[in-house]
Amino acid sequence: MSPLVFSLVLGSALLHVGWNALIKGARDKSAMTLLVSQGCALIALPLLPWLPPPAPAAWPFLLVSALLHVGYYQLLARAYGAGSLAQRYTLMRGGAILLLFIPSLLLEGMPQGTALAGIALIAAALILLGLKGMDRQDPSAWLCAGLIACYTLVDGMGARASGDQPVAYVLWLVVLEGGLMLALARRALGVAIWPVLRRGWRLALLGGACSTLAYAIVVWAMTQAPLAQVSALRESGILISFLIGAVCFQERLGRGKWLAALALLGGVLLLRLG
């Protein structure tokens, strides 16, 4: 993994935690997920005419991924209503690494040396953090992890099938998922949806910008480096979620969680050497 790819994926982690914090802090978390999805679509739409469309082979991946993302948004709101930012973010992202690692072996082979050790250490640290204090009666975070693994794999293949247009792939993806989210909300809320969108348009644009840029970076990076390494490095955002959780949401972080976070940082450094 080159220094440029490494740095951009770390920046993507910061942006990703940022829009997750918006959802965690919202009184109506379902409304905020809708706003974020619409912000993504609004940002992407004006850019589409300036880019060639993805190759025809990428469109099946786009459609499947849009459906997976809609399910992910629905579960995300429920997950953050049931637990802390750091704990839920950790479980969702760490579980996805472990699930993603199995198919990535079939596609790209076993990572070697420090890269393999780094992926293993990151996954173990994240899962330990997530399991600590988890509400086992609420499976939404586990289900989110499964959907994250699925759409990461689908988008990795879709970005490669899109030819030299990975950014166009992401823009079309967020437009499709935004349209699906809007249709579902319109069916559930009727005309009451429009006041929600009018009141929240600033947050929609902020969350949409963070989400779109974060995912565009990651999908591009998956064309430059192995899927498992990109996915694992992105999870360094857990350290940022700890700080945001402690400062903004007064979440209590014990010694065990910080030790696991340091193990995660060690895994990121090993990954960088791989």
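Scroll up to find the structure.
If you're wondering where the values come from, they're calculated on a predicted model, not measured in any experiment.

## As for the overall build of the protein
Then comes step 1: The secondary structure content of the protein amounts to 12 helices and zero strands.
Then comes step 2: The C-alpha radius of gyration computed for the protein amounts to 18 Å, which stays within 12% of the reference 19 Å derived for 274 residues, consistent with globular compactness.
Then comes step 3: Along the first, second and third principal axes, the C-alpha atoms of the protein reach 55 × 45 × 30 Å.
Then comes step 4: Within the protein, contacts between residues separated by at least 24 positions form 88% of all contacts whose residues are at least 6 apart in sequence.
Then comes step 5: Surface summary for the protein: the accessible area is close to 12,000 Å², and the carbon and sulfur share equals 71%.
Then comes step 6: Seen as two clouds, the 19 positive and the 9 negative side-chain charges of the protein have centres 9 Å apart.

## Examining the nonpolar core
Then comes step 1: Judged by nonpolar contacts, the single largest core of 77 residues is most densely connected at Trp19, Tyr72, Leu76, Met92 and Tyr169.
Then comes step 2: With 10 residues, the top contributor of residues to this core is helix α3 (residues 59–81).
Then comes step 3: Excluding its chain neighbours within four sequence positions, the residues that come into contact with Tyr72 are His16, Trp19, Asn20, Arg93, Cys144, Leu147, Ile148 and Tyr151.

## What to know about the packing of aromatic side chains
Then comes step 1: Counted by the stated rule, this structure contains five aromatic pairs.
Then comes step 2: Geometrically, the ring pair formed by Tyr72 and Tyr73 is tilted, given 6.0 Å between the ring centres and 40° between the ring planes.
Then comes step 3: Judged by relative accessible area, Tyr73 falls into the buried class, the value being 1%.
Then comes step 4: Accessibility expressed as a relative area gives 2% for Tyr72, which makes it buried.
Then comes step 5: Members of the aromatic cluster, each reached through a chain of ring pairs, are Trp19, Tyr72, Tyr73, Tyr151 and Tyr215.

## Digging into unusual backbone geometry
Then comes step 1: Positive phi, close to 55°, is recorded for Gln250, a residue that is not glycine.
Then comes step 2: Looking at the secondary structure, you find Gln250 in the loop between α11 (237–248) and α12 (255–273).

## Overview of helix α2 (residues 29–44)
Then comes step 1: The terminal C-alpha atoms of α2 lie 23 Å apart, and with 16 residues this matches the ideal 22 Å at 1.5 Å per residue to within 8%.
Then comes step 2: Where burial is concerned, most of α2 is hidden: 13 out of the 16 residues are buried.
Then comes step 3: The N-capping residue of α2, defined by a side-chain oxygen 3.3 Å from the backbone nitrogen of Ser30, is Asp28.

## Describing the packing of α2 against α3
Then comes step 1: As a packed pair, α2 and α3 sit with axes 8 Å apart at the nearest point and diverge in direction by 140°. By the angle between their directions, the pair α2 and α3 is classed as oblique. Crossing of α2 against α3: the hand is right-handed. Across the interface between the two elements, Lys29, Ser30, Thr33, Val36, Ser37 and Cys40 from α2 touch Tyr73, Ala77, Tyr80 and Gly81 from α3.
Then comes step 2: Split into classes, the residues belonging to the contact of α2 with α3 amount to five nonpolar, four polar and one charged.

## Focus on a nonpolar patch on the surface
Then comes step 1: Taken together, the side chains of Leu259, Leu262, Leu265 and Leu269 present a nonpolar region at the surface, about 400 Å² in accessible area.
Then comes step 2: Along the chain, Leu265 falls in helix α12.

Rules and cut-offs
- Residues numbered from 1 in each chain as written.
- Predicted model: local features only at pLDDT ≥ 70, side-chain atom pairs only at ≥ 80, totals over all residues.
- Heavy atoms only, no water.
- Helix = DSSP H or I, 4+ residues; strand = E, 2+ residues; numbered from the N terminus.
- Rg over C-alpha atoms; globule rule 2.2 N^0.38 Å.
- Contact = heavy atoms within 4.5 Å.
- Areas by Shrake-Rupley, 256 points an atom, 1.4 Å probe, with all protein chains shown as cover.
- Lys, Arg positive; Asp, Glu negative; His and termini not counted.
- Charge placed at Lys NZ, Arg CZ, Asp CG, Glu CD.
- Core = buried A, V, L, I, M, F, W, Y, C linked by side-chain atoms within 4.5 Å.
- Buried < 20%, exposed > 50% of the residue type's maximum accessible area, 1.4 Å probe, protein only.
- Phe/Tyr/Trp six-rings, centres within 6.5 Å; stacked < 30°, edge-to-face > 60°.
- Expected span 1.5 Å × (residues − 1).
- Polar contact = N/O pair within 3.5 Å; in protein donor to acceptor, adjacent residues only side chain to side chain.
- Axes fitted to C-alpha atoms, helices over the stretch in contact; angles between N-to-C directions.
- Parallel < 35°, antiparallel > 145°, perpendicular 65-115°, else oblique.
- Left-handed = near helix turned anticlockwise from the far one by under 90°.
- Nonpolar A, V, L, I, M, F, W, Y, C, P; charged D, E, K, R; others polar.
- Patch = residues over 30% accessible without salt bridge, like charges linked within 9 Å, V, L, I, M, F, W, Y side chains within 5 Å.
- Salt bridge = Lys/Arg side-chain N within 4 Å of Asp/Glu carboxyl O.

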